[in-house]
Amino acid sequence: MQSLYEIETTIKRVSKSKGLSWGVAEEIGKAIRSLEQSNLNGLESFKRIIDYGLDNLTKLLQADQSNTQKLCPIHFGLFFYDQSHRKEIHKTFHFDGLKEPLIVIPFILKAAKKNLVYFDFNSKDFSLSVTPGNIFSLTKDKIPQDISNFSLSLTTQREVNYSSNAWDKLYQLSLDTFVEESEEKKLSGAGAGLTDND
């Protein structure tokens, strides 16, 4: 079995030999390493892209470009990693097709954490949600090699997954940590005082 370092280095070299810049090659090397470390078939997925031919795939250069068939997962992932901080792309986009969507996951995970963005990736084949806390959920155990007619939504607004009753109860309990204000308490050192040494 090859080490993760060997996998990352080999992917970088192959990427460079296929015409990608060293910067892109480094990113895809890290992405495949991350997938393999997570017991996902990143190496096989990358090999299928190489066999298909990078020149036969469409680079995503703008979120609203007209040709979105056979999108390259490397450039798709890098686009949203680089651009997801921009408020004008915090909306839903529709795309025609993407090869090897598994490869997109490490880029979206990094983008979500770096830019505090939530991603929802939906197709008839599978769905993927990613949060800034590196939590993601898939609707299928196996990610398909190709997907078509899918959408990607970006937002900085998180969903509220708790009831107002739960929040109110916990907030009331948190108030028990407050000290009632009085001159005697102030003199004995209650409160923040004049100096803050946190």
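For every chain, the first residue of the written sequence is number 1, and numbering continues from 1 onward in sequence order. Totals for whole chains, interfaces and linings use every residue, but because this is a predicted model, local features are given only for residues with pLDDT of at least 70 and side-chain atom pairs only at 80 or more, for both listing and counting. With hydrogens and water excluded, all non-hydrogen atoms of the structure serve as input to the side-chain values.

I'm lost on the overall build of the protein in this one. Help?
Each helix is a run of DSSP H or I of at least 4 residues and each strand a run of E of at least 2, with the numbering of both proceeding from the N terminus. Helices and strands together make up the secondary structure of the protein, namely seven helices and five strands. What you see in the protein, going N to C, is helices and strands ordered as α-α-α-α-β-α-β-β-β-β-α-α. The size measure is the radius of gyration over C-alpha atoms, and the globule rule it meets is 2.2 Å times the number of residues to the 0.38 power. Against the 2.2 N^0.38 benchmark of 16 Å for 198 residues, the protein shows a C-alpha radius of gyration of 23 Å, more extended than a compact globule. Type-normalised accessible area, obtained with a 1.4 Å probe on protein chains alone, sets the label of each residue: buried when under 20%, exposed when over 50%, and partly exposed for intermediate values. Counting over 198 residues, the protein shows a buried share of 37%. By the convention used here, residues are in contact when the closest approach between their heavy atoms is within 4.5 Å. Sequence-distant contacts, at least 24 apart, represent 62% of the contacts inside the protein between residues at least 6 apart.

Even after reading the chapter, I still don't get helix H1 (residues 4-17), so can you show me in this structure?
Along an α-helix, a turn takes 3.6 residues, which lines up residues three or four apart on a common side. If you check H1, its first and last C-alpha atoms are 20 Å apart, about what 14 residues at 1.5 Å a residue would give, namely 20 Å. Those residues of H1 lying buried are Ile7, Glu8, Thr9, Ile11 and Ser15. Packed against the buried residues of H1 are helix H2 (22-37) and helix H3 (42-52). Taken from the residues just after H1, Gly19 is the one with a positive phi, measuring 100°. Helices are assigned an expected span. That span is 1.5 Å times one less than the residue count.

In this structure, what is going on with H2? I would like to understand it.
End to end, H2 covers 22 Å across 16 residues, agreeing with the expected 22 Å (1.5 Å per residue, within 8%). Downstream of H2 by a residue or two, Asn39 has a phi angle that is positive, lying close to 60°.

Whenever I open this one, the pairing of strand S2 (residues 118-122) confuses me. Can you help?
Look at any regular strand and the pattern is simple: side chains alternate between the two faces of the sheet. Of the two faces of S2, only the one carrying Phe119 and Phe121 is buried; Tyr118, Asp120 and Asn122 on the other face are not. Pairing of S2 with strand S5 (residues 146-155) involves five bridges; the strand directions are antiparallel. Following the sheet pairing, Asn122 is matched in S5 by Ser151. The criterion for strand pairing is that DSSP finds at least two bridges linking the strands in question. One ladder, built from four bridges, connects S2 with strand S3 (residues 127-130); its direction is antiparallel. Directly across from Asn122, in S3, lies its bridge partner Ser127. Counting the residues that bridge the hairpin from S2 to S3 gives four residues.

Sorry if this is basic, but what is going on with the environment of Pro106 here?
Relative to the helices and strands, Pro106 resides in helix H5 (residues 104-115). Through-space distance from the C-alpha of Pro106 to that of Ala31 is 5.4 Å; in sequence the pair is 75 residues apart.

What should I look at first to understand the packing of helix H4 (residues 73-83) against H5 in this one?
A packed helix pair is summarised by two numbers, namely the angle formed by the two axes and the spacing between the axes. To obtain each axis, a line is fitted to C-alpha atoms, and for helices this fit is confined to the stretch in contact; angles are then taken between N-to-C directions over 0 to 180 degrees. The geometry of H4 relative to H5 is characterised by a closest axis approach of 8 Å and an angle of 5° between their N-to-C directions. Judged by the angle between their axes, H4 and H5 are roughly parallel. Contacts between H4 and H5 involve Pro73, Ile74, Phe76, Gly77, Leu78, Phe80 and Tyr81 from the former and Val104, Phe107, Lys110, Ala111, Lys114 and Asn115 from the latter. Split into classes, the residues belonging to the contact of H4 with H5 amount to nine nonpolar, two polar and two charged. Roughly parallel means an angle under 35 degrees; roughly antiparallel means over 145; roughly perpendicular covers 65 to 115; every other angle is labelled oblique. Throughout this entry, Asp, Glu, Lys and Arg are counted as charged residues, while Ala, Val, Leu, Ile, Met, Phe, Trp, Tyr, Cys and Pro are counted as nonpolar. The remaining residues, Gly among them, count as polar.

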